[in-house]
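# Chain and residue survey
Below, each chain spelled out in residue letters.
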Amino acid sequence: MLEIFSKWKANLTSADLPDQAEEGKLPQHIAIIMDGNGRWAKRKGLPRIAGHREGMKVVTKIVRVASNMGIEVLTLYAFSTENWKRPKKEVDYLLGLPERYLKAELPKLIENNVQVRLIGTTDHLPDHTLRAVEKAVKDTESNTGMILNFALNYGSRYEMLEAVKSIGRLIEEGKLSADSLTEETIHAHLMTSQLNDPDLLIRTSGEIRLSNFMLWQLAYSEFWFTDVLWPDFKEQDFVEAIAVYQKRKRRYGGV
Ligand code: FPP
């Protein structure tokens, strides 16, 4: 295991860690599909929402360790455009979690220089959820540390469809020509236009699929899957995923 991780394991603070830039291979952007809350709860004979509540505690832990390690962007898939199909009680609970989390954690996020961001559509989101997240985005907008990017009511196909529509409108208005379009044009019209693509995707709970998450952005990302259910996911698992990433050779189609 690399020196930086041994140090982290010894519970040193971020101030004690070596300059991450020198290591060169720390993933800058990590995206996580936090899966398995329902199964975790079922195994314990608890209602599904108990799994989501436990999952929120894990979000708190992983955000802290990611920020301390110097990760630049952490994108968390908190609610997908498909999650509306769940029972209303579960949907309401899930959509209440960002507010609960931010109520408890926003002061610490501010203290740790974290910037909160949001991707997804605001359509149909409850007002209280939107207000809580927008306040966090505003209160942290001048911070310069890790970007904590919540994918909330997010679906990648919807995102791409909206990008295509807005590019189409520019073409209709004569501001762009079809032949001038590039991959950068598409990137610029996605909800992640301000971010680099994820270097590493983590999915918990043993499911090996993308579930409509960042389909464009994950084109060259490294994937790491674990059977661990999200509520059982530990800082050590996160560190292991990064250590595995660091051993991978990224070739981007080259040799
Ligand atoms: C998938 O597990 C998980 C979700 C749909 C929600 C993820 C949300 C959290 C982990 C908490 C979010 C916290 C904040 C602060 C926004 P599942 O319910 O599909 O699990 P299953 O596949 O075992 O049923």
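## Describing the site of the ligand
What surrounds the ligand is a group of 18 residues, the closest being Met 34, Gly 38, Arg 39, Arg 48 and Arg 86. Measuring from an oxygen atom of the ligand, one finds a side-chain N or O atom of Asp 35 at 3.2 Å. Arg 48 places a polar side-chain atom, nitrogen or oxygen, 2.9 Å from an oxygen atom of the ligand. Notes on the ligand: free accessible area 620 Å², of which the protein chains cover 92%. Judged by its atoms lying within 2 Å of the grid points, the ligand is housed in the largest pocket. Of all the elements in the fold, those that place two or more residues in the shell around the ligand are helix H3 (37-43), helix H4 (48-69) and helix H5 (88-111).

## Remarks on empty space enclosed by the protein
Summed over all chains, the structure comprises one cavity of 30 Å³ or more. Around the largest cavity, the lining residues are Val 63, Arg 64, Ser 67, Glu 105, Lys 108, Leu 109, Asn 112 and Val 114. Among the elements of the structure, H4 and H5 are those that each provide at least two residues to the lining of the largest cavity. Tallied by class, residues from the lining of the largest cavity come to three nonpolar, two polar and three charged.

## Topic: helix H7 (residues 156-172)
Helix length check: H7, at 17 residues, gives a terminal C-alpha distance of 24 Å against a target of 24 Å (1.5 Å per residue), a fit within 8%. Residues of H7 that are buried include every one of Ser 156, Glu 159, Ala 163, Ser 166 and Ile 167, and no others. Down the axis of H7, the sector holding all buried residues measures 100 degrees, keeping them to one side. Across H7 from its buried face, at more than 90 degrees, point the exposed residues Arg 157, Val 164 and Glu 172. Where the residues of H7 are buried, they touch strand E4 (147-154) and helix H8 (183-189). Looking one or two places after H7, you find Gly 174, whose phi comes out positive at around 80 degrees.

Conventions and cut-offs
Residues numbered from 1 in each chain as written. Predicted model: local features only at pLDDT ≥ 70, side-chain atom pairs only at ≥ 80, totals over all residues. Heavy atoms only, no water. Near = heavy atom within 4 Å. Polar contact = N/O pair within 3.5 Å; in protein donor to acceptor, adjacent residues only side chain to side chain. Areas by Shrake-Rupley, 256 points an atom, 1.4 Å probe, with all protein chains shown as cover. 1 Å grid on protein atoms, 1.4 Å probe; cavity = no way out; pocket = protein on both sides within 12 Å on 5 of 7 lines; lining within 4 Å. Sits in = over half its atoms within 2 Å of the grid points. Helix = DSSP H or I, 4+ residues; strand = E, 2+ residues; numbered from the N terminus. Points joined across faces, edges and corners; volume = space filled by probe spheres on them. Nonpolar A, V, L, I, M, F, W, Y, C, P; charged D, E, K, R; others polar. Expected span 1.5 Å × (residues − 1). Buried < 20%, exposed > 50% of the residue type's maximum accessible area, 1.4 Å probe, protein only. Arc of directions from axis to C-beta. Contact = heavy atoms within 4.5 Å.

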